[in-house]
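Descriptive structure summary
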Amino acid sequence: MAERKEESANSREAYAYTPGLKVKRTTTVSKTRKLPIRGEVCVKVGDTVNFDKVVARTQLSGNPEIINAAMLLGAEAQELPEYVTKGVGEKVAKGEAIAASNSLFGFVKKQITSPVDGTMESISEATGQIIIRGTPVPVETDAYIPGKVVEVLPGEGAVIETNAAFVQGIFGIGGETHGKIRMAVNSPNEELTPDKITPQDKGSIVIGGSLVTMEALTRAVEIGVACIVAGGITHRDVKTLVGEEIGVAITGQEEVGLTLIITEGFGRMNMSQRTFSLLKDFEGYMACANGATQIRAGVLRPELIIPHEETLKRVSIDELAAGMVPGTPVRIIRLPYFGAIGKVTSLPVELQKVESGSYVRVLTVELDDGRTVSVPRANVEIIEE
Amino acid sequence: MRFILATDVGSTTTKARFFHLREGEWRFLVAGEAPTTVETPYEDVTLGVRNAVREVEEMTGHRILSESGDRIVVPCDGRIGVDLYCTTSSAGGGLQMMVAGLIKTMTAESAYRAALGAGSIVMDVIARDDGRRPHQKIQRIRSLRPDMILLAGGIDGGESAHVMEIAELINAAEPKPRLGVDYELPVVYAGNKTLRSQIEKLMNKGFALSIVDNIRPVLEAENTEPARDAIHELFMEHVMSHAPGYTKLMKWTSVPIMPTPAGEGLAMRLIASTYKMNVLGVGLGGATTNVYSIVGERFVRSVSANLGMSYSVTNVMKSAGIENIVRWLPFKLGEEDVAMRLMNKMIRPTTIPQTLEDLVVEHSVAREALRLGLEHHKTIATRLKGIRVERTLADTFDQKLEETYIRMMDIDIIAGTGGLLSHAPDRMQTMLILIDAFQPEGVTRMFQDSVFMMPHLGVLSTVYEKAAWSVFDKDCLVRLGTVIASAGGGSEGEPVMSVELAMPDGKTVREDLRFGEMKRVSLAERQEAKAIVTPQKKFDVGGGAGHKVESTVMGGVVGIILDARGRPLRLPDSDAARKEILMKWFQALSVYPTDELQKML
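Treat the numbers as computed from the prediction; the structure is a model and nothing was measured. (Residues numbered from 1 in each chain as written. Chains lettered and ligands numbered in written order. Predicted model: local features only at pLDDT ≥ 70, side-chain atom pairs only at ≥ 80, totals over all residues.)

1. A word on the overall build of chain B
Check the secondary structure of chain B and you find 19 helices and 22 strands. Each principal axis of the C-alpha distribution contributes one length, and for chain B these read about 70 × 70 × 50 Å. Evaluated residue by residue, chain B yields a buried proportion of 57% over its 601 residues. (Helix = DSSP H or I, 4+ residues; strand = E, 2+ residues; numbered from the N terminus. Buried ≥ 20, exposed ≤ 12 C-beta atoms within 10 Å, placed from the backbone.)

Here it is in structure tokens:
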């Protein structure tokens, strides 16, 4: 086989590290809440807001209704202005006449009425169409997290900040919600089964361990659980829950009856001890959850935000981007050591051959079970302290 | 001029490629990469460019950035800087467009091809006959937030009222641009020229309107170039200037920033024009698969926006069916197990296979992504519809008039680029993936990109073609070799073809192939051999069934592959027979380490 060691070494491509998922006990979480189009901001800097406080609102122009008026009247497009009874900009009510024609000396009268309440937007001599703009649709953006308004984005929205614990998942389903945290299992290795979900969990954020089963999800939906957080889920169960295969990881719009946050990956995956302990410490606290995931362009991960009053320690971008050094705690995120946790022991500069035959940059990790293994640098993520 | 720097600001990674003049020849020197910084908290693409360039600086010891690091020094003052800097970009989702035309298979299809050819991702195609009611179209337009709209419709002096209907529909939907709330959405009008003043009157508010020559001035001709140029201009003027940091990046380079696939397309065209051959090219990326064809004078690009090897890997599974991925595995692995691996790859897209088993799984997905990408391409690379076609007597019996003009027998060159293809541990793996997926027929030369620099060289070729081709030829294009494959079906063991190769050392190699067999003959890069291929009467290698073909075959890092598996390629239905034949091919061609593979059986 024509191996490509030399060539790969010569290309000297650098590998860029991506920081791992965030699991922070205390941090400042800031959320920019924006309208899709310009509107009015309803809060000011310094305001204290709750989850459901409307921070900005606007009106989306109504849906246009296109009426092929000339055709209905049996007229030419350019003759249309002669037949309309309402001008551009005038308000019209549903059922109100907007155009009419007389033929056969007035014996046959054709009339067109508006199909909606709205405003006359255009009368086209080119196409013979009338367009009526429907009533504007109100659009509102709420705060999503309780906290303080630290910045107002004129005409667009506001930035809300809060002191909170912050946990990122790896994959989620469903959108924004909130509820009280409830630990349904005793250890991160335990499966979340239906018997562990009780009627008292209605509106709660229920924490499972290594795997949430389809039966447990079904029960949670029946009861009205707001959100489930677990280490893993099988491919088959995600497909059943969503009703189809997940093609690309762009989620958040699903309506499956709850929000789901997976912290580790697909399959049975013990929730990381750190995440589990942190959530346990905040059992009973109100938290905000969002399953929205978008891995391409933007890397949006599902999140759990637990506002609290503990002292804040700021973490700068520089610290996050510090990269890997011997001693950095990491999690291996691909076979054959998927899920194993350990500490980096060395970062050889030279490319090394791995079992697949590729020459790649590797690092050695001393696993929690005492073994030292070599893995591609691309296959680990930093566990942020 | 001694130094050239080219970057590609990708959706995840910014890739810098550094070229220099060595002994009168332009060559590739080093590559630097860094994460793209288009999103929060950075929101400035130049940071990622700077980081990638810093890597180049570290590796070469040659300073490129100014003292303060806030710009690339152009031209080189002898000590610091480069003489030319150019870049492509697909950050933040690339160029996303909506196109509209009058008839789905005519002007709308021409507009679709033009938008794709310009390097965009087409979010939707609106046409009068697209099967949706006006209110559904309006809802759809309102929900999309494109970067730009291309509006076509009608031949010059032809249909007008219905074209205006489409324009009025778009106008009424009030589409909003994706980036920024304050800028006007660019619209390119490339329809019936007699409607220009009416379109101008209708769309003078809320849109940044550009009017260009009709994309379909007459039914018999398609004129996509003016629309494509306008799209590139607007991409720079409107879209790029609203993306974070691009205003700064635009000041760093005097060469217009080009969408990445447009750069890649130019590189593919460079291959076709240099060799004067028909080319089928593919960029198999993490999120998308771009297929390019240059057949005769026609250049077509298709993008399968959700077929890719990382972000979209599960969409390949969804589109192809898990069973079609598993069929390429010579060992036993359950469908649910494979599905789970792919789901985990999707959520952690930057991971790479560590085990051979994982590598073979990814290669199986690649075959299916490429197969589907080509299928999609064929739906775009079609004859112009709406024209009366003369049917021969044979066509009448055949009943079906082939829509696409892509015939694998007419393709002379296949070229591949993208992470998976470039990073395969053995080039033989890349070659077989391309052969299995595209199923070339006759004699086909195979190339691949060495370290992802086709987009860079594509944009460079717009200003300095000589340098671009020099690097392209010497450092970018890896000659894999040539595949000789027979079209036609048969049964295992049946004689298919005999191949006689007059090798450069004067020796003659003769191989007789039976149905289902594959063989590999070594012929080094930049060497050629004369081949005489004699197929049996059921089989065709380009001269017609049973007719001998003489050709010059190109050597490469893999050599010559003789493929007698027939076309279309069919794998046995029985699980055991399928695995056995896959192993046979892998062994015959030394695709994977056999001992390692045996252990997995």
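2. Let's talk about the overall build of chain A
Per the secondary structure count, chain A includes 7 helices and 31 strands. Counting all 385 residues of chain A, 40% fall into the buried class.

3. Notes on the interface of chain B and chain A
Contact residues are listed per partner, giving 63 residues for chain B and 56 residues for chain A. The set of elements that each furnish at least two residues to the side of chain B that touches chain A consists of β3 (25-35), α1 (45-60), α3 (134-143), α4 (161-173), α9 (313-320), α11 (335-347), α12 (356-380) and α15 (427-438) of chain B. Here the side of chain B that touches chain A is built from residues that sort into 32 nonpolar, 18 polar and 13 charged. (Contact = placed C-beta atoms within 7 Å. Nonpolar A, V, L, I, M, F, W, Y, C, P; charged D, E, K, R; others polar.)

4. Structural notes on the sheet that holds strand β5 (residues 96-101) of chain B
All names here are of chain B. Strand order in the open sheet formed by 5 strands is β6-β5-β7-β8-β9, and the pairing between neighbours is parallel. Each having just a single partner strand, β6 (121-127) and β9 (207-211) make up the two edges of the open sheet. When strand polarity is set aside, the average angle formed by the axes of neighbouring strands in this sheet is 20°. Pairing of strand β7 (residues 148-151) with strand β8 (residues 185-189), which is carried by 3 bridges, proceeds in the parallel orientation. Residue pairing across strands places L150 opposite V188, the latter belonging to β8. Across the sheet, helix α2 (residues 107-117) touches β5, β6 and β7, and the angle it forms with β5 is around 160°. Sheet strands touched by α4: β5, β6 and β7. Its angle to β7, the strand with the most contacts, is close to 165°. (Pairing = 2+ DSSP bridges. Axes fitted to C-alpha atoms, helices over the stretch in contact; angles between N-to-C directions.)

5. Examining the domain arrangement of chain B
Residue and element names in this part refer to chain B. Domain assignment breaks chain B into domain 1 (3-91), domain 2 (94-247) and domain 3 (279-386 + 393-600). In this structure, domain 2 and domain 3 have C-alpha centres spaced 36 Å apart. Taken together, the 10 residues of domain 2 in the interface contact 10 residues of domain 3. Considering every element that reaches the side of domain 2 that touches domain 3, the biggest residue donor is α2, with 4 residues. Residues that form the side of domain 2 that touches domain 3 fall into these classes: 4 nonpolar, 2 polar and 4 charged. (Domains from an automatic or database assignment.)

6. Considerations on α9(B)
One turn of an α-helix holds 3.6 residues; hence residues three or four places apart share an orientation. Residues and elements named next belong to chain B. Summarising burial for α9: 6 of the 8 residues are buried, a large majority. All of the buried residues along α9 are V313, T314, N315, V316, M317 and K318. Buried residues in α9 make contact with α10 (322-326), α11 and α12. Where α9 terminates, the next one or two residues include G321, which has phi positive at roughly 90°.

7. A short note on the sheet that holds strand β17 (residues 495-502) of chain B
Residues and elements named next belong to chain B. With respect to topology, 4 strands assemble into an open sheet ordered β18-β17-β20-β21, the strand pairing being antiparallel. The outermost strands of the open sheet, each flanked by one partner alone, are β18 (508-514) and β21 (549-554). Averaged over all neighbouring strand pairs, the angle between strand axes comes to 25°, with direction disregarded. As defined by bridge partners, strand β20 (residues 528-535) adjoins β21 across 6 bridges and the pair is classed as antiparallel. When the sheet's bridge partners are listed, I532 is paired in β21 with E550.

8. Observations regarding α12(B)
Helix length check: α12(B) (25 residues) gives 36 Å between terminal C-alpha atoms against 36 Å at 1.5 Å per residue, within 8%. Of all the 25 residues making up α12(B), 18 are buried; the element is thus mostly covered by neighbouring parts of the structure. (Expected span 1.5 Å × (residues − 1).)

9. Brief notes about the pairing of β5(B)
All names here are of chain B. With 6 of its 6 residues buried, β5 lies for the most part within the structure. Taken together, the 6 bridges between β5 and β6 define a ladder with parallel strand orientation. Each residue of the ladder has a partner; that of Q96, found in β6, is I121. One crossover worth recording links β5 to the parallel β6 by way of α2, and it is right-handed. Looking at chain direction, β5 and β7 are connected through 4 bridges and run parallel. Among the inter-strand pairings, M98 is bridged to a residue of β7, identified as I149. (Right-handed = clockwise from strand over helix to strand, strands pointing away.)

10. Some words on the nonpolar core
Within soluble globular proteins, side chains that are nonpolar generally end up buried alongside one another. Within the largest apolar cluster, 276 residues are counted, with the highest numbers of intra-cluster contacts made by B:L150 and B:V188. Among the elements that make up this core, the one with the highest residue count is α12(B) (10 residues). Other than its neighbours up to four places away in sequence, B:V188 contacts B:M148, B:L150, B:L151, B:S210, B:V212, B:A227, B:A230, B:I231 and B:L234. Of all hydrophobic cores here, the second largest spans 14 residues; its members include A:Y337, A:V375, A:V380 and B:I352. (Core = buried A, V, L, I, M, F, W, Y, C linked by C-beta atoms within 7 Å.)

11. Considerations on the packing of helix α8 (residues 260-275) of chain B against helix α16 (residues 454-461) of chain B
Residues and elements named next belong to chain B. At a minimum axis distance of 7 Å, the contact between α8 and α16 shows a crossing angle of 75°. The angle between α8 and α16 falls in the class roughly perpendicular. Residues T260, G263, E264, G265, L266, A267 and L270 of α8 form the contact with α16, whose participating residues are M454, P455, H456, L457, G458, V459 and S461. Its residues placed into classes, the contact of α8 with α16 shows 7 nonpolar, 6 polar and 1 charged. (Parallel < 35°, antiparallel > 145°, perpendicular 65-115°, else oblique.)

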